[in-house]
Amino acid sequence: MQALANAAQSYMGPAPGSVVENEYKPDPSGRKMKALTWQGADNVKVMECDVPAITQDKDVILKVTGTTICGSDLHLYHGEIVALQKNDILGHEFMGIVDQVGPGVKHLQKGQRVVVSFQIACGECRYCKQKLSSFCDRTNDSSLMQTMYGQRDAGFFGYSHFTGGFPGGQAEYVKVPFGDVNCLPIPDDVSDEKALYLSDVLPTSYHCVVDTGVKEGDVVGVWGLGPIGQCAVRWALLKGASRVIAIDCVPARLEMAGKLDKVDTIDFSQVKDVPAKILEMIPGGLDCALDCGTFHEPKSLLHKAQKALMLETDVPETANECIRSVRKMGRVGLIAAYAAFCNQFNIGAVMEKGVRFIGNGQAPVHLYWEEILNDYIRTGKFDPTFMISHRVKIDEFEELYAAFDKRAAGVNKVFVETKFSAPPSEGCPKVSSVKDWTDKVL
Ligand SMILES: NC(=O)c1ccc[n+]([C@@H]2O[C@H](COP(=O)([O-])OP(=O)(O)OC[C@H]3O[C@@H](n4cnc5c(N)ncnc54)[C@H](O)[C@@H]3O)[C@@H](O)[C@H]2O)c1
Ligand SMILES: [Zn+2]
Ligand SMILES: [Zn+2]
């Protein structure tokens, strides 16, 4: 699948209109760094790579002080996103210290502490003017995405050549195009552990709740209790949800959500028909259903078979459960990153029940990150450190991918440190070895 996608893209050539240089040029000093690279399905490797050079005026080079792994990286790990190439550097969630600035950078200086959005926005197109940064028109030259979707999302860091082919931040250094636009300076009173997740998880989960229109008094269902779902549960409560039903099968994740007030959980390994259970608990159905799960884990034999035979790329089971579980004219939000096509989608129920079926899209981080930083993190209304289960060194990324994929040992969001990281903040996990905690359970 990867070879075919890469060949198609190379045959079509780059889509016109991108203004960003995505070629990876080594810094002339010849410096080297550690970085996590994609080698093939279920195969990633920490390698010695070149430190990237500035290639355009508005570029910034960051020394990475914190990075992490995301459910979206698992789609890459399994080779489910097209146009990956061997030795691609992964990672779209990171923060760091400005190391070099291009001559066109106006608002950042060397030494400044910043977090970076997972998307690369130009700051000037019709979407960027509304801070809809993930939908930027000018930073992704994927002709394959243009053909499949009719338009292109923004370029994303470390997320295949389908999203622009930009080297990512699971590395000691990274190049950030349009540095002024894509870096958010972090005030001294906010720790690295609280700042890092502004790159994706916090704005993404917030966007899912806001964009799906969760309102005061709503009864909300959240499918998938990884970091995105855990945060979505909390945002829904902060927006006034009267009750949340949280669905997953991982015991530690169910427990983490279930201990909150107004939250009931359903373990789908024990409950065969989740919508039937929900309709028994909430006669008439949910006001909102949020799909924070994952498209690559079929439950039924039907979808296991279709996926194995490549008759579908994406599994619609969670979306169908959401559709059946909402009330008439209820809302379903899809923040889980689907990529292509599925079969047996319950389109009839969407129409007949008047379901507002909302693709939330890749989250426009720039629309929310200042609000979340200033109104929620700095005021203490939302403390993102609740979700950090472990802290590990960059050298162990390979082991971390395997453990995160298996959801081993209660792993949830992880803080990955580099040689440039500050020591852990008070109350946050100290560094541990993946082998130590997975040996106990695997
Ligand atoms: N749209 C965006 O901007 C954006 C950004 C980041 C992540 N995402 C996506 O959000 C999703 C969640 O991310 P994460 O980091 O929390 O991932 P994760 O892989 O850690 O968590 C996914 C959870 O979903 C659960 N799950 C799987 N099938 C399920 C089902 N049928 N019903 C209920 N739960 C089910 C899994 O057990 C797991 O706990 C991923 O699909 C990721 O790609 C989207
Ligand atoms: Zn992510
Ligand atoms: Zn733009």
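For every chain, the first residue of the written sequence is number 1, and numbering continues from 1 onward in sequence order. The order in which chains are written sets their letters, starting at A; the order in which ligands are written sets their numbers, starting at 1. Residues qualify for local features only when their pLDDT is at least 70, as the model is predicted, and side-chain atom pairs are given and counted only at 80 or more; totals for whole chains, interfaces and linings, by contrast, use all residues.

Looking at an unreviewed UniProt entry, the protein carries the name Glutathione-dependent formaldehyde dehydrogenase, with the source organism given as Naganishia liquefaciens. UniProt positions are given in the numbering used here, feature names are shortened, and annotations may be inferred rather than shown by experiment. UniProt, in the comment section headed Cofactor (unreviewed entry), describes the protein in these words: "Zn(2+)". Checking UniProt for the protein, the heading Sequence similarities (unreviewed entry) contains the comment "Belongs to the zinc-containing alcohol dehydrogenase family."

Caption draft 1: Focus on the pairing of strand β9 (residues 173–176). Exposure in this text rests on C-beta crowding, where 20 or more other C-beta atoms within 10 Å of a residue's own make it buried, 12 or fewer make it exposed, and counts in between make it partly exposed. The C-beta atoms are placed from the backbone. Working definition: helices are DSSP H or I runs of at least four residues, strands are E runs of at least two. Numbering for both runs from the N terminus. The alternating pattern of β9 places Tyr-173 and Lys-175 on one face and Val-174 and Val-176 on the opposite face, and all of these are buried. With four bridges connecting them, strand β3 (residues 60–67) and β9 associate as antiparallel partners. Note that in β9 the partner of Lys-63 across the bridge is Tyr-173. Pairing between strands is defined by DSSP: at least two bridges between the two strands are required.

Caption draft 2: Expanded view of the site of ligand 1. Note on definitions: a residue is near a molecule or strand provided its C-beta atom, placed from the backbone, lies within 6 Å of it. Lining the immediate surroundings of ligand 1 are 34 residues, of which Gly-71, Ser-72, Gly-224, Gly-226 and Ala-337 lie closest. Take the shell around ligand 1: its biggest share by element is four residues, from helix α2 (residues 71–77). Residues of the shell around ligand 1, tallied by class, amount to 15 nonpolar, 12 polar and seven charged. Residues are grouped as follows: Ala, Val, Leu, Ile, Met, Phe, Trp, Tyr, Cys and Pro are nonpolar; Asp, Glu, Lys and Arg are charged; all remaining types, including Gly, are polar.

Caption draft 3: Geometry of the UniProt feature "domain: Alcohol dehydrogenase-like C-terminal" (unreviewed entry) in the protein. Here the UniProt feature "domain: Alcohol dehydrogenase-like C-terminal" (unreviewed entry) sits at residues 227–293. Helix makes up 42% of residues 227–293 and strand 25%, whereas the separation of the span's terminal C-alpha atoms amounts to 10 Å.

Caption draft 4: Highlighting the pairing of strand β15 (residues 326–334). The pairing of strand β14 (residues 286–291) with β15 spans five bridges and is classified as parallel. Residue pairing for β15: Leu-286 is matched across the bridge by Val-326. The pairing of β15 with strand β16 (residues 356–359) spans four bridges and is parallel. Bridged to Leu-334 within β16 is Gly-359. Convention used here: a crossover is right-handed provided that the path from the first strand, over the helix, to the second strand proceeds clockwise when the strands point away from the viewer. You can see the chain leave β15, run along helix α12 (residues 347–352) and come back into β16, and the turn it takes is right-handed.

Caption draft 5: Representation of the packing of helix α6 (residues 201–211) against helix α13 (residues 365–377) in the model. Direction vectors running N to C along α6 and α13 enclose 105 degrees, while the axes themselves pass 9 Å from each other. In this view, α6 runs roughly perpendicular relative to α13, as classed from their interaxial angle. In this structure, α6 contributes Leu-202, Pro-203, Tyr-206 and His-207 to the contact, and α13 contributes Val-365, Tyr-368, Trp-369 and Ile-372. Grouping the constituent residues of the contact of α6 with α13 by class yields seven nonpolar, one polar and no charged. Every axis corresponds to a line fitted to the C-alpha atoms, with the helix fit spanning only the stretch in contact, and the corresponding angles, defined between N-to-C directions, vary from 0 to 180 degrees. Here the word oblique covers every angle except those under 35 degrees (roughly parallel), over 145 (roughly antiparallel) and from 65 to 115 (roughly perpendicular). Each residue is represented by a C-beta atom placed from its backbone, and any two residues with such atoms within 7 Å are regarded as in contact.

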